Every structure is written in C-alpha cells, then in structure tokens.
Amino acid sequence: LMFQAAVEIIRRGCEHDKSKHEEVELGPLTELELLIAREGQAPFGPEKYEQQRMMLGQMLKHHYAKNSHHPEHYKNGVEGMDLFDVVEMLFDWIAASERGEASTVNLGAAFKRFKISPQLQSILENTADRLGYAR
C-alpha cells in the first residue's frame, strides 16, 4: 500500500501544474514574470504577494479548476481535499514561500488565508521540519 501511495505522489509530481503550459495560463504568467524581474518577487503571503497574485485573475480561476492541490479547487476548500492533495499543497506552499527574499517557509500566511485547523497546521509544520525546511 505504501508503494501504491508513492506511485500516486510520483504521478502528481510529473503532472504538477501542467496547466501552466496552456495558453490561457502561460500568457498571464509571462507578464507576471516580467513584472517580478523589474520589481522583485514578493514574499509569500504579504500584501505585495496578494497584489501580484490578483493580477492573474482569470488565469488563476482556470488554474484552480485544473489543479486539485489548491484549496480553491473545492467548494469547501481544504476540507474537500484528500491526503494526496494536502501533500502536494504543502510542497506548493513551500516552493512559493522560498521564492521570496527571505527564502524561508512562511506557512502562517497560508494557514490564515485558508483557515487551516491547528491540528493540520501542526502536521504540516512537523513535515516541513522533518524535511529540514527553514521556518
């Protein structure tokens, strides 16, 4: 059963965010990358990050609809996810937070935004700690 789970994680790794290569997402992402090249990457969570994220509007709507590791994919957010969605979401958050100037994992912003329960917060933080990500 563990191998079956590992295969699912590997499959998700191979498929992760493939929709970003579709034209509906690629164009807006290219524009955002040009802005980031001029102004710098905003740290994950703060106001500037949200402003950059909101520039993507319809692109994000499409992206969330195609990618179940985003809470926005589900009507009831994180509660609609399965364990594989949560694992992929955690690594997505780690990658997003490490792109900021501080280059540390800022899970607190995501916990607040998505109203993550204290118990799940602890599990996600313990996982990041076990893997050696600086918080």
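What comes next is a walk through the structure. (Residues numbered from 1 in each chain as written. Predicted model: local features only at pLDDT ≥ 70, side-chain atom pairs only at ≥ 80, totals over all residues. Heavy atoms only, no water.)

### Looking at the pattern of salt bridges
Item 1. Overall, the coordinates contain eight salt bridges when judged by the stated rule.
Item 2. Where Arg12 meets Glu88, a salt bridge forms, and the shortest distance between an N and an O atom there is 2.6 Å. You can see Arg12 sitting in helix 1 (residues 2-15) and its partner Glu88 sitting in helix 5 (residues 83-98), a full 76 residues away along the chain. With respect to burial, Arg12 and Glu88 carry one shared label: buried.
Item 3. Each of Glu8, Arg11, Arg12, Asp85 and Glu88 takes part in a single network of salt bridges with overlapping partners. (Salt bridge = Lys/Arg side-chain N within 4 Å of Asp/Glu carboxyl O. Helix = DSSP H or I, 4+ residues; strand = E, 2+ residues; numbered from the N terminus. Buried < 20%, exposed > 50% of the residue type's maximum accessible area, 1.4 Å probe, protein only.)

### Things to note about the environment of Gly80
Item 1. Tracing the backbone through its elements, the reader meets Gly80 in the loop between helix 4 (57-66) and helix 5.
Item 2. Spatially, the C-alpha atom of Gly80 lies 28 Å from that of Gly132, the residues being 52 residues apart in sequence.

### Here we look at the nonpolar core
Item 1. The biggest cluster of nonpolar side chains holds 16 residues, and the ones touching the most others in it are Val78, Met89, Trp93, Leu107, Ile116 and Leu124.
Item 2. A total of five residues in this core trace back to one element, the largest contributor, which is helix 5.
Item 3. Membership of the second largest hydrophobic core comes to eight residues, among which are Leu32, Leu35, Leu56 and Tyr64. (Core = buried A, V, L, I, M, F, W, Y, C linked by side-chain atoms within 4.5 Å.)

### Digging into helix 7 (residues 118-130)
Item 1. Its 13 residues give helix 7 an end-to-end C-alpha distance of 18 Å, which sits within 8% of 18 Å, the value for a rise of 1.5 Å per residue.
Item 2. The set of residues buried in helix 7 consists of Leu120, Leu124 and Ala128. The buried residues of helix 7 occupy an angular sector of 75° when projected down its axis, which confines them to one face. Away from its buried face by more than 90 degrees, helix 7 exposes Pro118, Gln119 and Arg130.
Item 3. Its buried side turned inward, helix 7 meets helix 5 and helix 6 (107-113).
Item 4. Of the residues trailing helix 7, Gly132 is marked for its positive phi of about 85°. (Expected span 1.5 Å × (residues − 1). Arc of directions from axis to C-beta. Contact = heavy atoms within 4.5 Å.)

### Overview of the packing of aromatic side chains
Item 1. All chains considered together, the criterion is met by two aromatic pairs.
Item 2. Seen in terms of ring centroids, Trp93 and Phe111 are 6.3 Å apart; in terms of plane orientation they differ by 65°. Their pairing is edge-to-face. Of this pair, Trp93 sits in helix 5 while Phe111 sits in helix 6; the two residues are 18 residues apart in sequence, bridging distant segments of the chain. Phe111 carries the same exposure label as Trp93, and that label is buried.
Item 3. Relative to Phe114, the ring of Trp93 has its centre 5.8 Å away and its plane inclined at 10°; by these criteria the two rings are stacked. Of this pair, Trp93 sits in helix 5 while Phe114 sits in the loop between helix 6 and helix 7, and the two are 21 residues apart along the sequence. Summarising the burial analysis for this pair, Trp93 and Phe114 share the class buried. (Phe/Tyr/Trp six-rings, centres within 6.5 Å; stacked < 30°, edge-to-face > 60°.)

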